[in-house]
Amino acid sequence: MNSPVRSCARLVGLLLAATLNMVAAGPPDVPQTGGAAVWVVNPAEPGAHLPLLGQSLFDRLFAGEGGAHELPFPFEKLLARIDRELARDPASALPPVKRVLIPLGRSLQRTAAAPDYFDYPRVVVGVDSPPAAGSPFLLKDRLYIGYQEKSAVLEVISYNEAAGRFEFQLVKDYRTGVRAQVFYANRNICFACHQNGAPIFSRALWDETNANPAIAALLTASGRTFYGIPPERGVDVPYAIDNAVRRANRFALAQRLWREGCGDGEAGRRCRAGLFAAALRLRLADGRMAVPDAAFEDTVGRPLRATAARRWRAGLALGRSDLPNRNPLQGAADWPASPSARVAFSHVPARFEPLLPRSAEAWWRGDAPEAVADAVAGVAEFVEDGDWPRLQAALARRAARLPRREVTLTCTAAPGGYVADCKGEGGASLRFDRQAGRVERLSLAGEPPLPGFPLRGAQGVRVAGGNVLEAVDVRGLRDGAGPLRLRLRPDGEVAEAALLGIAASAQGQSLLDAPAIAGRGLIRAVLAQLGEPVAAARLPVPAVPRLERPASPPGAALGGPVRPDLAGFYAWCAACHLSAESFPPNFLQGPAAQLEARIRQCAPRIYVRLAMARRAPSERGKTPMPPASMLPAFHSDPVAWAKSSDRAALEAVVATQLRSESGQEPDVDSLLAGGYEALRPCLAPVAEVR
């Protein structure tokens, strides 16, 4: 395998690319030629650290006057601020922002509270509620925050609608008396675990959270209060977060189908307009999609399938968003008093590591029967914002002025005369219980049937496609037989006509040609098309996105001579370990003259991570480094990396250092005899590094 280090100039280039990464990476825009499915998101191509378009929802939500972030403190106030933007479910006692406590988790902050994990648990929150009426923020499934009080850090994942991606941010110094600093994060680090570029969460039974009775008991025993979050919690909250995360991970598929699946030019705009119109109608009908007509097939269905056949013949693959369930207290009789014994519980075995490459969880294939319906459902996740109640009212007003659509069904009486089975054109069917005065089922054109409803409550029921059932006329029935008439108000048809109308306008073309689904802009354009005044939202201007630069710029790491055997650490490790962050340890940050001392401090852990590549996956106590999902960025793979002369050279450097300390050949099993977390930490106090 060729070494990636050829010269000092090449090394500087790698450093700058790894640490600054100001140009978005993306897969080649060429038709698929192989037999494998194309990944919706390639974890080896995380894109630019700073957004090239738009900003994160977190930036917009907490924008203050003068271009600064205004972050309420303490954390309870920040949660309350988010809650105000969300609609409450009157049938649920749960808050709109779902929150769990995770004292022994798998995040980069997993050891920040050591050994007092149950005094300072990490909080994970996710939004799964729709926006309150009038809110300009669609936060549902789009905002996730991890809070670690001990390090005063918020880790934030929030959506950027303009760019069509999740942004990763860090808030530092989130404590009283200090203005918190907000930075965009190094996406190389984030994508190592967040391989779809989106949030991740564990599978049921969520034993790392306070849904685990043993975890909850230790949290309660600490005697602390946790930001208004009860330590004892059932599985309802983590289940809600898990579902939100799963939906969030499908956003990238919806964006790719929108951006690439419809094609370019006027035909592409018509396709996207048809997709959004169908998504509007799907949302109006609470997820019941009408059977597509010929016009929809010509405008949307056929282009999507043609693109899929040309570009993604084996389909698009979406990686798993969930991690294996892990109980960090498995087998523990009690919580130890010894600090070192407590620290050992933060160890995460390789099989539970978020760094492990995850297989595909779902595939989208253009030749599948549900392919187009899946595309519509994906776009529908970008429809329901704070203007939704207003849009529904506007559609009702416009539709009320139009002729009603009438559907006639012919009924036959079942034995006993109490039940009427009715059939109509296009596969329409209805079952009516005359004795109960109740419609048991209704399907107008072969779509999934509506749930049953009382005849007196028929007015206002939405059918598939978004039209409103205003009346069920049973006066023509005689002993359960005869004609039955339905009267429909055409709300869904009005929505579709409005969307198709704006597609021909300059504004509509701009919105439909945008690089991502402009959900809010399209909804407001539909409102304007319906004659509703649309005032511009007056919101503070968000702070300018910024990265936290290392204390010394990348070039300073090369300020002095670098031994050739050490230069490889920059080439292979700088993407994650040359940064301003101490999680993961930034042992490459600092003057070149002290590089050997910093590597020596970290040598036991580096040796274990490098040596693990030589072991079979089932025999690994920890995942190898670099993470397997990132190796394609180095034009490598796990098999090639295990045999690589570069990997062997890096391992030899730390092996020599360990040999000089102990006088013995380093051995992975011996190093791990006391557990990985018992190894010397990579980052020692400055005074200890010589």
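As a reminder, the structure under discussion sits directly above these lines.
Cut-offs used in this document
- Residues numbered from 1 in each chain as written.
- Predicted model: local features only at pLDDT ≥ 70, side-chain atom pairs only at ≥ 80, totals over all residues.
- Heavy atoms only, no water.
- Phe/Tyr/Trp six-rings, centres within 6.5 Å; stacked < 30°, edge-to-face > 60°.
- Buried < 20%, exposed > 50% of the residue type's maximum accessible area, 1.4 Å probe, protein only.
- Lys NZ or Arg CZ within 6 Å of the ring centre and 35° of its normal.
- Helix = DSSP H or I, 4+ residues; strand = E, 2+ residues; numbered from the N terminus.
- Pairing = 2+ DSSP bridges.
- Core = buried A, V, L, I, M, F, W, Y, C linked by side-chain atoms within 4.5 Å.
- Contact = heavy atoms within 4.5 Å.
- Expected span 1.5 Å × (residues − 1).
- Axes fitted to C-alpha atoms, helices over the stretch in contact; angles between N-to-C directions.
- Parallel < 35°, antiparallel > 145°, perpendicular 65-115°, else oblique.
- Left-handed = near helix turned anticlockwise from the far one by under 90°.
- Nonpolar A, V, L, I, M, F, W, Y, C, P; charged D, E, K, R; others polar.
- 1 Å grid on protein atoms, 1.4 Å probe; cavity = no way out; pocket = protein on both sides within 12 Å on 5 of 7 lines; lining within 4 Å.
- Points joined across faces, edges and corners; volume = space filled by probe spheres on them.
- Disulfide = S-S within 2.5 Å.

S.K.: Whenever I open this one, the packing of aromatic side chains confuses me. Can you help?
M.R.: For any two aromatic rings, the description comes down to two numbers: the centre-to-centre distance and the angle of the planes. Tallying each qualifying case throughout the model produces 21 aromatic pairs. With a centroid separation of 4.8 Å and an interplanar angle of 75°, the aromatic rings of tyrosine 159 and phenylalanine 166 are classed as edge-to-face. Of the two residues, tyrosine 159 and phenylalanine 166, both sit in the buried class. Through a chain of ring-to-ring contacts, three or more aromatic side chains come together here, namely Phe73, Phe75, Tyr147, Tyr174 and Tyr227. Here the basic side chain of arginine 142 rests over the ring of phenylalanine 382, its NZ or CZ set 4.8 Å away from the ring centre. Here lysine 622 stacks its cationic end above the ring of tyrosine 676, 4.8 Å away from the centre of that ring.

S.K.: For this particular structure, what's the right way to read the pairing of strand β3 (residues 122-127)?
M.R.: Consecutive side chains of a regular strand alternate in pointing toward one face of the sheet and then the other. The buried fraction of β3 is high, at six of six residues. Here β3 shows no split at all, with Arg122, Val124 and Gly126 on one side and Val123, Val125 and Val127 on the other all buried. Looking at chain direction, strand β2 (residues 97-102) and β3 are connected through six bridges and run antiparallel. By the bridge assignment for β3, leucine 101 is matched with valine 123. Both β3 and strand β4 (residues 143-148) contribute to a ladder of four bridges, which runs antiparallel. When the sheet's bridge partners are listed, valine 124 is paired in β4 with glycine 146.

S.K.: How do you make sense of the nonpolar core when you look at a structure like this?
M.R.: Buried together is how nonpolar side chains tend to be arranged in soluble globular proteins. Counting 116 residues, the largest nonpolar core has Phe75, Ile82, Ile145, Phe276 and Leu280 as the members making the most contacts within it. If you tally residues by element for this core, the top one is helix α8 (residues 265-284), at ten residues. Ignoring anything within four residues of it in the chain, the contact list for isoleucine 145 reads Phe58, Phe75, Leu78, Ile82, Val123, Val124, Val125, Leu154, Glu155 and Val156. The next biggest cluster of nonpolar side chains, apart from the first, holds 33 residues, and it includes Leu566, Ile606, Tyr607 and Val608.

S.K.: Help me understand α8, please; the structure alone is not making it clear to me.
M.R.: An α-helix turns once per 3.6 residues; consequently, residues spaced three or four apart project the same way. The end-to-end C-alpha distance of α8 is 29 Å, a good match for the 28 Å that 20 residues give at a rise of 1.5 Å each. Taken across its 20 residues, α8 has 15 buried, putting it largely inside the fold. Aspartate 286, located one to two residues past α8, shows a positive phi value of around 55°.

S.K.: Looking at this structure, how should I read the packing of helix α12 (residues 388-400) against helix α15 (residues 519-529)?
M.R.: Helix-helix packing is characterised by the crossing angle of the two axes and by the distance between the axes. Running from amino to carboxyl end, α12 crosses α15 at an angle of 30°, the nearest separation of the two axes being 10 Å. The orientation of α12 with respect to α15, classified from their angle, is roughly parallel. Here α12 and α15 pass one another in a crossing that is left-handed. Residues Arg390, Leu391, Ala394 and Arg398 of α12 form the contact with α15, whose participating residues are Ile523, Val526, Leu527 and Gln529. The residue inventory of the contact of α12 with α15, partitioned by class, reads five nonpolar, one polar and two charged.

S.K.: Is there a simple way to explain empty space enclosed by the protein in this structure?
M.R.: Sizing a probe to match a water molecule and rolling it over the atoms shows the empty space that remains. Evaluation of the coordinates by the stated rule reveals three cavities of 30 Å³ or more. If you add up the space inside the second largest cavity, you get close to 50 Å³. Ile102, Pro103, Gly105, Ser107, Gln109, Arg110, Ala113, Tyr117, Tyr120, Arg122 and Gln148 are the residues that line the second largest cavity. In the lining of the second largest cavity, the residues fall into five nonpolar, four polar and two charged.

S.K.: Which parts of the structure should I look at to understand the state of the cysteines?
M.R.: Linking two cysteines covalently via their sulfur atoms produces the bond known as a disulfide. Counted by the stated rule, this structure contains three disulfides. Sulfur-sulfur distance for the disulfide between cysteine 262 and cysteine 271 comes to 2.0 Å. Because the sign of the S-S torsion sets the handedness, a value of about -60° for the bond joining cysteine 262 and cysteine 271 places this disulfide among the left-handed ones. Of the two residues examined, cysteine 262 and cysteine 271, each falls in the buried class. Disulfide partner of cysteine 602: cysteine 682, at an S-S distance of 1.7 Å.

S.K.: Hey, could you run me through the sheet that holds strand β6 (residues 165-172) in this one?
M.R.: By definition, the strands of a sheet pair up through backbone hydrogen bonds, in either a parallel or an antiparallel sense. Strands sit in the order β2-β3-β4-β5-β6-β7 across an open sheet of six strands; the sheet is antiparallel. Among the strands making up the open sheet, the edge pair consists of β2 and β7 (181-184). Each strand axis lies, on average, 20° off the axis of its neighbour in the sheet, ignoring direction. Summarising the sheet, β6 and β7 pair through four bridges and their orientation is antiparallel. Note that in β7 the partner of valine 171 across the bridge is valine 182. Contacts from helix α6 (residues 236-249) reach β2, β3, β4 and β6 within the one sheet, and its direction differs from that of β2 by about 110°.

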